[in-house]
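Observations on chain architecture
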Protein chains: 6
Amino acid sequence: MNDLLKKPRKVYVSRKIEFNAAHRLFNPLRTEQENLEVYGKCSNKNGHGHNYLLEVTISGIVDCDTGFLFDLKELNTILEHEIIARFDHRHLNHDVPELQECVPTTEVLAILVWDILEERLRNINNRELSLHEVIIYETGKNAVRYLGE
Amino acid sequence: MNDLLKKPRKVYVSRKIEFNAAHRLFNPLRTEQENLEVYGKCSNKNGHGHNYLLEVTISGIVDCDTGFLFDLKELNTILEHEIIARFDHRHLNHDVPELQECVPTTEVLAILVWDILEERLRNINNRELSLHEVIIYETGKNAVRYLGE
Amino acid sequence: MNDLLKKPRKVYVSRKIEFNAAHRLFNPLRTEQENLEVYGKCSNKNGHGHNYLLEVTISGIVDCDTGFLFDLKELNTILEHEIIARFDHRHLNHDVPELQECVPTTEVLAILVWDILEERLRNINNRELSLHEVIIYETGKNAVRYLGE
Amino acid sequence: MNDLLKKPRKVYVSRKIEFNAAHRLFNPLRTEQENLEVYGKCSNKNGHGHNYLLEVTISGIVDCDTGFLFDLKELNTILEHEIIARFDHRHLNHDVPELQECVPTTEVLAILVWDILEERLRNINNRELSLHEVIIYETGKNAVRYLGE
Amino acid sequence: MNDLLKKPRKVYVSRKIEFNAAHRLFNPLRTEQENLEVYGKCSNKNGHGHNYLLEVTISGIVDCDTGFLFDLKELNTILEHEIIARFDHRHLNHDVPELQECVPTTEVLAILVWDILEERLRNINNRELSLHEVIIYETGKNAVRYLGE
Amino acid sequence: MNDLLKKPRKVYVSRKIEFNAAHRLFNPLRTEQENLEVYGKCSNKNGHGHNYLLEVTISGIVDCDTGFLFDLKELNTILEHEIIARFDHRHLNHDVPELQECVPTTEVLAILVWDILEERLRNINNRELSLHEVIIYETGKNAVRYLGE
């Protein structure tokens, strides 16, 4: 390929996907009243929901041959299998085994997404590729980032 | 006031608000299988959810004295009482009495919001003010508009 | 179904899709210089491109049984076949037969999309469904709407 | 040109521009207290400001030769001269002669922009071109549309 | 709580709020002409304004009990008292004591917001919570970030 | 100037610009079939295009006198000369000399933009100013960041 890639270049590639899910912020170890005090209307009994926007960022050295960090078609397939199939059109409290004992806050969700993707990407990682960042936008105003720290 | 308002001017004023709700597309008069065929993953048993974005448009003649069509603080109070209190952080199938016998599609939700607001605004309407349009954006890609037709 | 749909309700349902295409504004009946005067840098020889955002709006009476105007999965399939397959990752001047003798302005593109979808939807139209509006956003600043007039 | 434009086609072309301005909602014929009751913090003495987003829509028959409704470069020049030069980086109450006797609400601003552009476009209008709509977004939540009615 | 939070997890939580303010870029130690040369139309005498969008990011270890980094209701109350009350619907040059001797550029504003919030959050900080980043978007095109360096 | 700038403050200032370009992902050292396998429809013969959104971030100490990190008018002039003139309304494969031997992926484009701007800003850099980050959003879903590593 060309002069631009003669020296190794580390880039960060981001991909956004959306999933629509219901959740309820409720800690079963606490009373209804305690949950109401901590979570307010987010603890309403029948749950509510969000259009969760997930931004996944991977980092590594650009491939000299393809000019890609990683084939986005392959990343999309991974996100489809690992994220959409798990979370989209689901109730986080009831339908996601990994969240059964959790309060499914955006913080917890971002950590779970990181753990899932970090393990998945590590297994295919034969180059300098690594998961860099997971951001979940719960609404247009609120977001949580997790970088594996 | 000034020359610009000497002749009556009809304007359309829009206000956007968001509410976060869960729903399930499921017709109880039909079997699980029939619902799955019509609604796909939107009929998943435990429901899912959205950040619903509602855009309400009212129309009428600008008031010569205030330069307003309608006091937005008053409109916000109405939207808070009629929309946020009813729908925000609720499960549309379980928590909204008007939707008990419905499949809460975005179409049905837009019609319900229109009916609620049209009645509410008619009662305070001592001028040429009227509800013009209700738009609900279920996601960034899908929207339903209802104009009372 | 429920009381809300006892009387016929006319709604407008919109769906947004994106396609990425190249084009060149160039009228082969004119000289290079004339094209440059009319189209400026949009007539640059090798073309340029856009993330075209298409918003399609259909209108009609909500179905009492499903609560839908029209099954969005079916609409998506139509848009996939008629729009994405024709325009996505294409050069409008070279790859789209319907545009061979045209200058592919956004105006012309919106009209073509209308003609394609209007014919396609008319054939499946066994209810009060009709195409209402086609909007193409060429950039975040420019848009063209066509309503079949 | 081509078959698509053999019959006259009426399109609506929109252009968005932004201007940053200060204003104060204050009616000099009223007391400070009355203004505070009507306009709340929008009547604060030293004013506040907005990134006003203006969307101008013109309509007419697409030109068979160019494929344009109207040359956007020419529209941009008009908007630069008539809108940006008048309103951008200005204080609406102090710097805009047409608003001297007004309360510069978004309603009034949309009407003024219409009046300015409608006169300007009428004079160059040798075809079926006309101003269709002016929308001003004061914030991401509030907008006013004026259609010359 | 659950396995996901058995080890400490450092997350970054962001919240966006908007305030509408006027300002004038003008250094009183300089002449009108010098200010015009440095600040251009931003130094226009009567000021102009913006919809300032503020994004505040805090970081720390997720609380095992609540699943939160920090209660967003509490963060909102802080932002309401410290930011909205100070800046919203104000003229930055005239109404904000901390900016009296400053040119209220976006850079200076971001630093001031940091200083205010860093002190406020330090006082309530009984855990690993800290202010990470302040971003102010002056328009959709311009932004300034400050991280306390 | 004022107390806020008495100690040195390092800020990050971002500017977004858009350019509209065509490209084709195609490696001339490979066969058509190999290119199709790697790049899919992105390797379609006549190319396609995007509204590329570029976000450039510079960092350094705020100037005590102006309250600016760097004069945005000057940054805009640089971006106009170095980026818009090179890439806007161009075909990346044919019209950009630096990309002649490349596959113009977003990764490669971000690196090229960095190299161009880093050299340009280094030459005018008489203060602590430096290029911090280049982000290119190819679509609303995909982005590449490069930080010179």
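One structure accompanies this document, and this report is about it. These figures come from a predicted structure and were not determined experimentally.

Analysis parameters
- Residues numbered from 1 in each chain as written.
- Chains lettered and ligands numbered in written order.
- Predicted model: local features only at pLDDT ≥ 70, side-chain atom pairs only at ≥ 80, totals over all residues.
- Heavy atoms only, no water.
- Helix = DSSP H or I, 4+ residues; strand = E, 2+ residues; numbered from the N terminus.
- Buried < 20%, exposed > 50% of the residue type's maximum accessible area, 1.4 Å probe, protein only.
- Contact = heavy atoms within 4.5 Å.
- Areas by Shrake-Rupley, 256 points an atom, 1.4 Å probe, with all protein chains shown as cover.
- Least-squares fit on C-alpha atoms with pLDDT ≥ 70 in both.
- Buried area = accessible area lost by both parts, 1.4 Å probe.
- Salt bridge = Lys/Arg side-chain N within 4 Å of Asp/Glu carboxyl O.
- Polar contact = N/O pair within 3.5 Å; in protein donor to acceptor, adjacent residues only side chain to side chain.
- Nonpolar A, V, L, I, M, F, W, Y, C, P; charged D, E, K, R; others polar.

What about the overall build of chain A?
Along the backbone of chain A there are 4 helices and 5 strands. The helix and strand sequence of chain A, counted from the amino end, reads β-α-β-α-β-α-α-β-β. In terms of principal-axis extent, the alpha carbons of chain A reach across some 65 × 25 × 25 Å. When the 149 residues of chain A are sorted by exposure, 58% land in the buried category. A sequence separation of at least 24 residues applies to 72% of the contacts in chain A between residues at least 6 apart. When the accessible area of chain A is evaluated, it comes to approximately 6100 Å², of which 48% is carbon and sulfur surface.

A look at the relation of the copies chain E and chain A
When chain E is brought onto chain A, the operation consists of a screw motion whose angular component is 120° and whose axial shift is 0.0 Å, with 0.0 Å RMSD remaining. Taken together, the rotation angle and the small translation identify this as a three-fold axis. If distances are taken from each C-alpha of chain E to the rotation axis, the shortest is found for E:Gly140, at 8.6 Å.

Brief notes about the interface of chain E and chain A
Chain E puts 26 residues into the contact, and the matching count from chain A is 27 residues. For the pairing of chain E and chain A, the buried interface totals around 2200 Å² over both sides, and the portion due to carbon and sulfur atoms is 51%. Here chain E and chain A share 2 salt bridges between them. The salt bridge partner of A:Asp115 is E:Arg9, with a shortest N-O separation of 2.6 Å. Counting across the interface, chain E meets chain A through 14 residue pairs in polar contact (both at pLDDT 80 or more). Of all elements in the fold, only β1 (10-23), α2 (72-87) and β4 (130-137) of chain E reach the threshold of two or more residues within the side of chain E that touches chain A. Along the lines of polarity and charge, the residues of the side of chain E that touches chain A split into 12 nonpolar, 6 polar and 8 charged.

What to know about the interface of chain B and chain A
The interface of chain B with chain A comprises 21 residues on the first partner and 21 residues on the second. In terms of surface lost to chain A, no three residues of chain B exceed B:Asn46, B:Asn51 and B:His89, which account for 34% of the buried area on that side. Along the contact surface separating chain B from chain A lie 2 salt bridges. A:Asp88 serves as the salt-bridge partner of B:Lys41, at 2.5 Å between the closest nitrogen and oxygen.

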